[in-house]
Amino acid sequence: MKIIRDPEKISIETGKNKQLKKRIGFVPTMGALHPGHFSLISRARKENDIVAVSIFVNPAQFGKGEDFKKYPRRFKQDIESCRRLGVDLVFLPDRDNMYPEGYSTFVNVDNLSDCLCGASRPGHFRGVATVVAKLLNILHPDALYLGQKDAQQAIIISRMVKDLNFPVKVKVLPTVRQEDGLALSSRNAYLNKQERSVALVLSKALRLAETLIRNGQRNCGRIISRMRQLIEKNRPAKIDYIAIIDPEQLKELRKIEPGCLIALAVKIGKVRLIDNTVIGRV
Ligand code: AMP
């Protein structure tokens with residue numbers, strides 16, 4: 001396994017592999033790797049000749065007052081996980097070689113970036129789209145592996161890939177959860193014991209919505225209000241948003257449609273968590 005910090009060097013490395021007609025699968029991450037990341041890496045391992053993982057806590061996607069400084073950084077442990085999972089290339093750039101002095105170019109995916117998580121995190125998806133565009137240009141992968149856990153991010157990146165003609169196939173894999181339902185997230189590390197148990201309200205609210213839909217409820221407003229009631233019973237949970245939307249335009253729906261997305265963000269004390277579910281057939 002090669003660990004490379006310099007963008008030019010990793011471009012040369014992936015370029016060599018492409019000349020040899022090797023298929024490259026790429027998993028971008030911010031590190032503090034957990035089984036959610038592992039599932040993306042394992043799938044990439046199965047489907048490609050070369051697996052590249054980036055670990056970069058991207059400053060451009062954190063707003064003022066957000067957790068950039070305290071975001072968990074466990075590079076040593078992450079590198080060991082990558083080794084164990086059979087990763088070929090770990091890209092570990094630093095801030096200065098991703099955003100050198102004078103850096104001025106950003107990618108903005110209009111219409112999709114200002115709602116839901118983008119409403120409370122202005123500029124977040126601009127930072128995400130920019131870093132992913134840069135990583136795709138640096139690594140030239142054939143396939144890009146993303147998690148459904150960050151549904152809006154996956155939708156925005158898929159849109160960007162299509163709109164900007166990146167020659168890469170986007171694969172979105174299911175959310176990995178703990179046994180009790182909590183979606184794995186590097187930010188779960190911030191939760192104390194009591195908050196960890198309150199954090200279960202996100203997945204519980206989604207399961208409630210699924211049950212209501214299974215029992216015939218189609219009115220989005222009613223479903224959201226039942227989810228709201230459930231969450232509000234649990235202090236210190238504070239709802240940022242609950243939305244039922246179509247998965248392409250992210251427009252709010254009045255009635256449940258096949259393939260619609262139910263997404264929510266809830267603050268548990270100071271920790272903001274997100275989760276979502278896709279409704280299949282109705
Ligand atoms: P992050 O390190 O949080 O930027 O996440 C890197 C990638 O892992 C993104 O595509 C995430 O959607 C994905 N991911 C994070 N948590 C999970 C999870 N619990 N299940 C599946 N994928 C995940």
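For clarity, every value in this text was computed on a predicted model and none was experimentally measured. (Residues numbered from 1 in each chain as written. Predicted model: local features only at pLDDT ≥ 70, side-chain atom pairs only at ≥ 80, totals over all residues. Heavy atoms only, no water.)

**Here's the deal with the sheet that holds strand β1 (residues 2–4)**
Hydrogen bonds between backbone atoms are what pair the strands of a sheet, whose relative direction is either parallel or antiparallel. Let me state the cut-off plainly: The criterion for strand pairing is that DSSP finds at least two bridges linking the strands in question. Helix and strand labels come from DSSP, where a helix needs a run of H or I of at least four residues and a strand needs a run of E of at least two; each type is numbered from the N terminus. Inter-axis angles, ranging from 0 to 180 degrees, are taken between N-to-C directions of lines fitted to C-alpha atoms, where helices are fitted over the stretch in contact. Two residues qualify as a contact provided that any one of their heavy atoms is within 4.5 Å of a heavy atom in the partner residue.
Spatially, six strands are ordered β1-β4-β3-β2-β5-β6 in an open sheet, and the strand pairing comes out parallel. The two strands at the open ends of the sheet, each matched to only one other strand, are β1 and β6 (169–173). Pairwise comparison of adjacent strand axes, ignoring direction, gives a mean angle of 25 degrees for this sheet. Across six bridges, strand β2 (residues 24–29) lies against strand β3 (residues 50–55) in parallel orientation. Looking at β3, one finds that Pro28 is bridged to Ser54. In this fold helix α1 (residues 7–19) packs onto β1, β2, β3 and β4 (89–91), with an angle of close to 150 degrees to the strand it touches most, β4. Its contacts with the sheet put helix α7 (residues 151–163) on β5 (143–147) and β6, and the angle it makes with β5 is roughly 160 degrees.

**Overview of the domain arrangement of the protein**
Note the cut-off: The split into domains, and so the bounds of each, comes from an automatic or database assignment of domains. By buried area we mean the combined loss of accessible area, with a 1.4 Å probe, across both parts when two parts are placed together. By definition here, a salt bridge exists when the distance from a side-chain nitrogen of Lys or Arg to a carboxyl oxygen of Asp or Glu is within 4 Å. In the analysis that follows, any N or O atom pair within 3.5 Å is treated as a polar contact, provided that within protein one partner can donate a hydrogen and the other can accept it, and provided that, for residues neighboring in sequence, both atoms belong to side chains. Ten residues, namely Ala, Val, Leu, Ile, Met, Phe, Trp, Tyr, Cys and Pro, are considered nonpolar, four, namely Asp, Glu, Lys and Arg, are considered charged, and the remaining ones, Gly among them, are considered polar.
Each assigned domain of the protein is listed with its residue range as follows: domain 1 (2–173) and domain 2 (186–278). Carbon and sulfur atoms supply 57% of the area that domain 1 and domain 2 bury against each other, a total of about 1,700 Å² over both sides. Our count for the contact surface shared by domain 1 and domain 2 stands at one salt bridge. The closest approach of N and O atoms between Arg187 and Asp67, which form a salt bridge, is 2.8 Å. The interface formed by domain 1 and domain 2 includes nine residue pairs in polar contact (both at pLDDT 80 or more). Listed by contribution, the elements that provide at least two residues to the side of domain 1 that touches domain 2 are α5 (117–120) and α7. With three residues, α7 is the largest single contributor of residues to the side of domain 1 that touches domain 2. Partitioning the side of domain 1 that touches domain 2 into residue classes produces 10 nonpolar, six polar and six charged.

**Overview of the pattern of salt bridges**
Keep this limit in mind: A 1.4 Å probe rolled over the protein chains alone gives each residue an accessible area, and that area as a share of the maximum for its type sets the label: buried under 20%, exposed over 50%, partly exposed in between.
On inspection of all chains with the given rule, the structure shows 14 salt bridges. Ionic pairing is found between Lys18 and Asp142, a salt bridge with its closest N-O pair at 3.3 Å. Of this pair, Lys18 sits in helix α1 while Asp142 sits in the loop between α6 (124–139) and β5; the two residues are 124 residues apart in sequence, bridging distant segments of the chain. The class for Asp142 is partly exposed, based on a relative accessible area of 22%. Of the charged contacts in the structure, one is a salt bridge between Arg196 and Asp180, with a shortest N-O distance of 2.9 Å.

**Details of the site of the ligand**
What counts here: When we say a residue is near a molecule or strand, we mean one of its heavy atoms is within 4 Å of it.
Taken together, 17 residues lie near the ligand, and Met30, His37, Asp150, Val176 and Leu184 sit nearest. Contacts to the ligand include Met30, whose backbone N or O atom sits 2.9 Å from an oxygen atom. One nitrogen or oxygen atom from the main chain of Val176 is found 2.8 Å from a nitrogen atom belonging to the ligand. Ranked by residue count, the leading element in the shell around the ligand is helix α2 (residues 35–47), at three residues. Class assignment of the residues belonging to the shell around the ligand gives a composition of eight nonpolar, seven polar and two charged.

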